Amino acid sequence: MEQHDIIPVVSLLAVLMPLLSFVLCMFFVPKSISGKVAVSSIAVSFIASCFVFFKIWNAGNIHIQHHWFTLGQTSWDVGLLLNNLSALMILLVSGIAFLVHIYSLAYMKGDENIDRYWGYLSLFCSSMLGLVIADNLLLIYIFWELVGFSSYLLIGFWRTRDAAVQANKKAFIMNRLGDLGFLLALMILYSQFGTLDIEKLFGDGGLFHLSQFTSGEWIAPLGHISYVWLLVCGFGFVFGALAKSAQFPLHTWLPDAMEGPTAVSSLIHAATMVAAGVFLLVRVSPIFDSTVLITIAVIGIFTAFMASTIALVQNDIKRILAYSTISQLGFMMLAIGIGNNGAAIFHLATHAFFKCLLFLCAGSVIHEMHYAKNKLDADCDHQDIRNMGGLRKMMPLTFVTMVIAALALCGIPLTSGYLSKDAILISSFEWATTRSFAAKLIPYLAMLTSWLTTFYIARLIFKVFYGELRIQGDKTERLIHEAPRFMLMPQLFLAVCSAFFLFSVNPLSYENTWLLKVFPGSVALERIHSYHTVIPALLNLFAVLIIYFAYIQYARKEKAMFRENTWLYNFALNGWYFDEFYHQAIVRPVTYVSKFSFSIDRKVIDGLVDIVGKSGVLLSSIAGWLDRKLIDGFVNLAGRAAAGLGNFFRSFQSGRIQYYLAVMIFVVLTFFVLRYFSPAI
Amino acid sequence: MDDYSLYISDSLNGTIAGIRGIYPEIGLVVSFLLVIFSELFFVKRIKQLPFWITLISLAVVFTLTIKQFAIGDSLTLYSGMIVLQPASVYFKLLFLLSAILFIVFVRNNQQMQQHKKGTGDLYAVLIAVLLGMNCMAMSANLLMVYLSIETVSIGSYIMVGYISGDGKQAEASIKYALFGAACSAIMLYGISLIYSFTGTLNLNADLLEGLNAIPVWSAGLAITLFLVGLGFKMSFVPLHFWSPDVYEGAPTPVTAFLTTGSKIAGFALLWRVLEAFNSSGNAISVYDFQGLIGIVAIVTMLFGNLAAIWQDNIKRMLAYSSIGHTGFLMMALVANTAGFKSLIFYLFIYLLTNVAAFMLVDKVEQESGSVNISTYLGLGKSMPLTFISLLIVLISLTGLPPTSGFVAKFLVFGSALESYKSSGSSLILWMMITGAVTTVVSLFYYFKVPLYAYLRKTESILPREKFDVKLVISLVLTFLVLIFGIFPQVITDLIN
Amino acid sequence: MIPLSNFMMLSAALFVIGLYAVLVKRNVIQLLIGIEFMINAALINFVAAGKSDKNYMGGQMTALFTIVIAAASVAVALAIILNVYKYYKSIDPDKLNKLRD
């Protein structure tokens, strides 16, 4: 087989191995080895993805298709599109998934429903991998839904906890809202172009590029509609991405999704699923015109700012990280909005590593706190950072890795996060130079958000790892150990990846990263020299100051920075009151309408159905009587005839040989006589 | 003597030239001798030596037979005694397959292996029977017909009575022997009449011309008597009376062989005779074979399938069902050359399913001791693989998709339909109708087995299933039955 | 010369006698004798008709082969009868009816 033929097969293998693991773990394999099955299948997937990545990166696209079904005149194909973006994503997703699988071996050990866990996790990995290599938008939509569904299953994994059940419903419903937008966009594209194949639409000389926009009309091969629809299409995709990547206004599900196991949060809600929104936008980016792009940028920066303010005052370690994710995703959206897709993907990749690492370390801390809490029989929230402290003495390795990740999040030089954040910030300044005043606000807001980020993550680190442990109890310190080996290994590996050398030889200038070099679609912005030196310097200087300030506040003084119970504090703590607003404005009316329709349904419609049903029963009883008497009668007659004839025939076998011979001779002679001597035959 | 000297040298030359056409048969003779030797001298040291020698030599003969496909069109050898055609090679391959399955079956059958005389002689007799069958498929002379039929028959009597472990087996063998001897004698008389009427024994145009020259009922009598012997081998009505008793009483491997190999040999011979009678250039119609086959097929189908409804002994039921299959197959003979493909395919599938069915029945009998269907209660759960396999085999025998039994029946119906369209004879129409009706009837008695095995419960202790060679082979055969049902082209393409 | 038809009538008579013996007799050995009668009837036909077949000697050849086969057949049948006698202690064909419907 040619090189060219192996690669699609290998990539298909990468997608299907976790699916196989899903089937096996859910239905066939006993609990004890379900873990090994899942881990080995994701390992195979990872190796396959490495192979695909090294073959595809910068070596040309591979696009193969296969006919799937035909509806009337239209025929749909399924296929794989392997270009730089897909190769990078497939490597990223499977790599992170592999590490999380290993982590989960230790984290979820002893859980009763472990086989369901592995099954759902494998299903998720399979759908995510499929999403990144799918070649047409319909297929991406299908996998998009599957990813959302697996996320639903995983968030609500501990189904006996009410909070988890509520959270997964919320996540699923919000995702469905976003999907409406996605579907609308798909329909518009289809009606204009007759195909949803990405290469055909957006590739070189693709159908989309051939369509013209003149005098308020969108002229395409199949149709001729108003320009407004292009905007609607763009917004549709954006809406879908907003839901999946937890941006304003569909961001409230992500903090609640922290009810799931931390390993799940790290994989899905930090590194992969939420990145699917960004991925989609990059895939369909040619659609967006300037209006949509501006909207994306504005939403992105607004969300980034909002989320970071909320993160400042949260006390649950996972919620801080969740809002941090929302904030960083806002940065990615901003990058897309300013036209620098490469920077968005770059930040997606680096964010995947350090955010996943942050979550895994948080998981280790929670795991140990939970264990200590059980031993002490203490009644406190083991995820509350106000109950932690001084853990760096007891969990040194976790401390070191978490610090490295935090530095990457802040964007301190020598980390990968520095490179990607700089890419976004600097290009946002360059973008804003030629625009209006309002646009110029955006980069400054980005810088402010960056400093807020530094603050909240520093607060987290210092509260958790410095100072004295705040849970009361005898010899509490001795109860907390370093995390088990399987949890540490992924953390260490990710820490290495969060440093700069994975991405670029030059730790200070982002332009040399190999990742950025190959991305098309980065709008050529005028490179303004001064920005490239001033901005990083300014940013990092203040960042260091802020870290020092936080250190003083939290490690030394151990005092709450913000006064609690002020209006501003509560506003931030409750997530700018979005949840309450949604509840009043949307959830209650909908519930009311559904109760009303239910009563109508029961009284009126069921009544009608009942009458029809009763008349049906009457008819069928008549038919049954006819069936029994007449038709069964015939059938019974036939049966009895057959039986009687059979009885007659077998009576010839009397067992006596001379009888046999006699009958035989008789029949032969009769045949002969009748044949030759009777005039009839 | 001088008159004959020419003939002598001619016939010597002919004999030597003809050797190249009978390599498989020579192989069989050599292996026959080898088996007898090994049975006499070496069996004490190596217990299963005759089995292995037989198996290996059958494999060798198989390859020799396959080489015979290269012969091309028909080749008359030995001054018109035998004629080698591609059609006969197909039949020979089927006989070999049946024989190989038979010896493996014997090797794994408890009763056979416990026989104090050993099974070496049985293998030798088998090889002789196989030789006879080969000659049946190739015969072009009435003497050859008689000799080969007799070889097969006498060998079969010995095989049936080989163990004679109980009264039933002895009774089966004597019924077979007496009935068979009587039918052969009648057939011989018929041949002698033909010879007296025409002066030649070769199945060629001379014979037909000769028969044409005499009053039609004389020829009819002679040929009818001749067909009695043939019908005995194929067991169609009215010459089927021996088969339920003999199949029930004989040891199961022998029954499997008789229902498949022996019956296929009968079909091969009938095919040859029909070809000889129909192939003469000016289509002399001496005897209305179509009519005869039609009536016989209808009656046989009815008889076999209807009588099987009442059977409780599974071997007896399978015996009646094979009579039914014979009747059905005769439809394929009606259609002449188009029917050949469907005939071979059906025979092949019939061979596989029947041998599998008998192997499974034997396994059940060995492990649970039940020979009656009504004692199969609850065995479906305790012997799952066996009964699943048996279920699939029975489905194939009924002729339901997706098994190959369905495809085979379908092909036969197809060829009968074609000949109906070209000849318009209503007899063919009735044959097809009867075929369809009896297929429905057969569903009933075949499905009694899974009914009792799966849906009825019993309180007694149920045996566990042993995973032995018989089960493996039955599973392989079942698998093949399913595969050929989905991909019949694999086989139908091999048949020209 | 004796016409062929005479021989044929003789053989027909022999055949029918043999058939009668097969169908009626209560002794299996006598049944075998009946079968022998039928075979011999056929042999007479062969030999008689073979007089006019000087080229291929079909009739004579067949007769020789048939005698051999008949002998083999009878030998096997007698061995089987011995076997049956071991179990049934009788050679009346009517008594051998355990296998029946």
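Residues numbered from 1 in each chain as written. Chains lettered and ligands numbered in written order. Predicted model: local features only at pLDDT ≥ 70, side-chain atom pairs only at ≥ 80, totals over all residues. Heavy atoms only, no water.

1. A word on a nonpolar patch on the surface
At step 1: On the surface, Leu618(A), Ile622(A), Trp625(A), Leu626(A), Leu630(A), Ile631(A), Phe634(A) and Val635(A) cluster together into a nonpolar patch covering about 860 Å² of accessible area.
At step 2: Along the chain, Leu618(A) turns up in helix H25 (residues 578–650). (Patch = residues over 30% accessible without salt bridge, like charges linked within 9 Å, V, L, I, M, F, W, Y side chains within 5 Å. Areas by Shrake-Rupley, 256 points an atom, 1.4 Å probe, with all protein chains shown as cover. Salt bridge = Lys/Arg side-chain N within 4 Å of Asp/Glu carboxyl O. Helix = DSSP H or I, 4+ residues; strand = E, 2+ residues; numbered from the N terminus.)

2. Details of the interface of chain A and chain B
At step 1: Across the boundary between the two partners, chain A contributes 23 residues, which contact 31 residues of chain B.
At step 2: Surface buried jointly by chain A and chain B totals about 2,400 Å² across both partners, of which 79% is contributed by carbon and sulfur atoms.
At step 3: Counting the surface chain A buries against chain B, the share from its top three residues, Phe649(A), Gln653(A) and Tyr676(A), is 24%.
At step 4: On inspection of chain A and its partner chain B, the count reaches 0 salt bridges.
At step 5: Counting the contacts that link chain A with chain B gives 4 residue pairs in polar contact (both at pLDDT 80 or more).
At step 6: At the level of secondary structure, the elements contributing two or more residues to the side of chain A that touches chain B comprise H25 and helix H26 (657–677) of chain A.
At step 7: Considering each element in turn, the side of chain A that touches chain B owes the most residues, 13 residues, to H26(A).
At step 8: Split by residue class, the side of chain A that touches chain B holds 17 nonpolar, 4 polar and 2 charged. (Contact = heavy atoms within 4.5 Å. Buried area = accessible area lost by both parts, 1.4 Å probe. Polar contact = N/O pair within 3.5 Å; in protein donor to acceptor, adjacent residues only side chain to side chain. Nonpolar A, V, L, I, M, F, W, Y, C, P; charged D, E, K, R; others polar.)

3. Section: the interface of chain B and chain C
Where the parts come together, the accessible area they lose is often given as the size of the interface.
At step 1: Facing the 44 residues of chain B at the interface are 42 residues of chain C.
At step 2: Interface of chain B and chain C: buried area, both sides summed, is about 3,600 Å²; carbon and sulfur atoms make up 74% of it.
At step 3: Viewed at the interface, chain C and chain B are joined by 11 residue pairs in polar contact (both at pLDDT 80 or more).
At step 4: At the level of secondary structure, the elements contributing two or more residues to the side of chain B that touches chain C comprise helix H1 (2–18), helix H7 (142–160), helix H8 (167–198), helix H11 (242–249) and helix H14 (314–334) of chain B.
At step 5: Ranked by the residues each element gives to the side of chain B that touches chain C, the list is headed by H8(B), at 22 residues.

4. Thoughts on the side chain of His251(A)
All names here are of chain A.
At step 1: By secondary structure assignment, the location of His251 is in the loop between helix H9 (228–244) and helix H10 (253–256).
At step 2: Among the residues examined, His251 registers a relative accessible area of 2% and is labelled buried.
At step 3: When neighbours within four sequence positions are excluded, His251 is seen to be in contact with Ala246, Met306, Ile326 and Phe578. (Buried < 20%, exposed > 50% of the residue type's maximum accessible area, 1.4 Å probe, protein only.)

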